[in-house]
Amino acid sequence: MGLVEISEFSVEGWRDPRFAAERARLCCERLERGEILLLRDFPIISQEERDFLTGVRQTASSFIKNISYDSQAGRLRGVARRGIDVQALKRALTGYADRVNALAAQLLAPYAGALQVDLTSFRPIEERGRNLRGRSRNDLIHIDSFPTRPARGRRILRFFTNVHPSEPRVWITSETLAAIAPRMALDAGLADCAKPDGLARLKTVARGALRPLGIKLRERSPYDRFMLRFHDYLKANAMFQRDCRKDFHEFPPGATWIVFTDMVPHAVLSGQYALEHTYFVPVSAMVTPENSPLRILESIARSPLA
Ligand SMILES: O=C(O)CCC(=O)C(=O)O
Ligand SMILES: [Fe+2]
């Protein structure tokens, strides 16, 4: 599955406004098929913001993968605060989130009104030779699923920007979930995940009892249980990691790329300083809902999963 460069689009919008609706729809179709959209030098951060960001350091902990920011609540996590202007960092991340929102509203117009903003992140650590543990490793090919934020079938749409002044960010991608799920989903435990959760009643009772104490138990749907399992299964599957098809991509400094990371297996090999902004998108907003992981997995499992 390929990388598609979008050259007809600039800060002023689509070059030929007569075709804007058609082009935006085609972008959505391509993303939903598992292609990656590339904007080679869309001006999404300023030189000043770039200079500032390349001086930011992350907390030294192997548990924290990157600096994350909830742009709606204004909550920042993972930053090494000493010597850093936290307000300036929040401003840079808010600015990035706002500009991605404005870009998405035009470039992916069919999703306008349906995009649910999730987290924004900054990734200041060099990825080559990073010392993360098993399931957290991003150099192993995987699809995304978030243990702390259940998707319940919604899509995971991510925008990335390479902020490094001179080095590319290097990814591998592989065949899409649409291609690999028919051969691998049952082996990965789809039937088991699709069965009613034996502990469901117990969990409902526990949830009710813990709520007054301010403790929230996560509600994972069968879809979330499977996607988390599939994420782990792919990372732990040495044969898949070795033999799967591999497409290499070098995202140049200044590039922004967009991808449904629940559909496209990916890994990052090298690169430092990237910005990223995530949305959840309901399947009902897809232009080709039949291409969503939820629908694909439901047709393999022959049962509803969300
Ligand atoms: O940081 C990147 O380039 C991608 C890492 C990744 O796979 C992820 O955050 O899920
Ligand atoms: Fe990922």
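Predicted model, so just to flag it, every value in this text is computed and none were measured.

## What about the overall build of the protein?
- The secondary structure content of the protein amounts to 9 helices and 13 strands.
- In terms of overall dimensions, the protein is globule-like: its C-alpha atoms have a radius of gyration of 19 Å, near the 19 Å expected for 306 residues.
- With the C-alpha coordinates aligned to their principal axes, the bounding extent of the protein is approximately 55 × 50 × 40 Å.
- Out of the 306 residues belonging to the protein, those deemed buried represent 35%.
- Within the protein, contacts between residues at least 6 apart in sequence are counted, and of these 84% link residues at least 24 apart.

## Here we look at the site of ligand 1
- Around ligand 1, the neighbouring residues are R123, N138, D144, F160, R169, H266, V268 and A274.
- Considering only residue class, the shell around ligand 1 consists of 3 nonpolar, 2 polar and 3 charged.

## Some words on the packing of helix α4 (residues 177–184) against helix α9 (residues 293–301)
- At a minimum axis separation of 10 Å, α4 and α9 run at an interaxial angle of 25°. If you check the angle between α4 and α9, you find them roughly parallel. With respect to the hand of their crossing, α4 and α9 are arranged in right-handed fashion. Contacts between α4 and α9 involve L177, A178, A181 and P182 from the first element and P293, I296, L297 and I300 from the second.
- Grouping the amino acids of the contact of α4 with α9 by side-chain chemistry returns 8 nonpolar, no polar and no charged.

## Digging into the environment of F240
- Relative to the elements of secondary structure, F240 occurs in helix α8 (residues 238–243).
- Exposure remark for F240: the 17 C-beta atoms within 10 Å place this residue in the partly exposed category.
- Put simply, F240 and I141 are 99 residues apart on the chain and 8.7 Å apart in space, counted from C-alpha to C-alpha.

## Examining the pairing of strand β7 (residues 116–123)
- Burial analysis of β7 places 6 of its 8 residues in the buried class, the great majority of the element.
- With 3 bridges joining them, strand β5 (residues 67–70) and β7 adopt antiparallel strand pairing. Directly across from I67, in β7, lies its bridge partner F122.
- One ladder, built from 6 bridges, connects β7 with strand β13 (residues 274–281); its direction is antiparallel. Residue S121 lies in a different strand from β13, and its bridge partner there is E276.

## Side note on the nonpolar core
- C27, L37, F226, W257 and L297 are the most contacted members of the largest nonpolar core, which has 68 residues in total.
- Broken down by element, this core gets its largest block of residues, 9 residues, from helix α3 (residues 86–107).
- The contact partners of L297, leaving out residues within four places of it in the chain, are A181, A185, L190, Y223, F226 and L305.

## Points about the sheet that holds strand β10 (residues 247–251)
- Taking strand neighbours across the sheet as the criterion, the 3 strands line up as β10-β9-β12 in an open arrangement whose pairing is antiparallel. Edge positions in the sheet fall to β10 and β12 (266–270), since each of these pairs with one other strand and no more. For this sheet, the mean inter-axis angle between neighbouring strands, taken without regard to orientation, is 30°.
- By the bridge criterion, 4 bridges tie strand β9 (residues 169–173) to β12 in an arrangement that is antiparallel. Among the inter-strand pairings, W171 is bridged to a residue of β12, identified as V268.

## Remarks on the sheet that holds β7
- Strand order in this open sheet of 8 strands is β1-β4-β11-β8-β13-β7-β5-β6, and the pairing throughout is mixed. Sheet topology places β1 (3–5) and β6 (75–77) at the edges, where each strand pairs with a single neighbour. Within the sheet, the average angular offset between the axes of one strand and its neighbour, ignoring direction, is 20°.
- Two strands pair when backbone bridges link them, and β1 and strand β4 (residues 36–39) are joined in this way by 3 bridges, in the parallel orientation. When the bridges of β4 are listed, L3 appears paired with I36.

## Observations concerning unusual backbone geometry
- Not every positive phi belongs to a glycine, and Y273 is a case in point at roughly 65°.
- Along the chain, the position of Y273 falls in the loop between β12 and β13.
- On the basis of neighbour counts, which here come to 21 C-beta atoms within 10 Å, the residue Y273 falls in the buried class.

## Describing α9
- Those residues of α9 that sit buried are P293, L294, L297 and A301. Along the axis of α9, the buried residues cluster in a sector spanning 95°; they form a single face.
- Buried residues along α9 sit against α4, α5 (190–194) and α7 (222–236).
- A positive phi of about 55° marks R302, the residue just after α9.

Rules used throughout
Residues numbered from 1 in each chain as written. Chains lettered and ligands numbered in written order. Predicted model: local features only at pLDDT ≥ 70, side-chain atom pairs only at ≥ 80, totals over all residues. Helix = DSSP H or I, 4+ residues; strand = E, 2+ residues; numbered from the N terminus. Rg over C-alpha atoms; globule rule 2.2 N^0.38 Å. Buried ≥ 20, exposed ≤ 12 C-beta atoms within 10 Å, placed from the backbone. Contact = placed C-beta atoms within 7 Å. Near = placed C-beta within 6 Å. Nonpolar A, V, L, I, M, F, W, Y, C, P; charged D, E, K, R; others polar. Axes fitted to C-alpha atoms, helices over the stretch in contact; angles between N-to-C directions. Parallel < 35°, antiparallel > 145°, perpendicular 65-115°, else oblique. Left-handed = near helix turned anticlockwise from the far one by under 90°. Pairing = 2+ DSSP bridges. Core = buried A, V, L, I, M, F, W, Y, C linked by C-beta atoms within 7 Å. Arc of directions from axis to C-beta.

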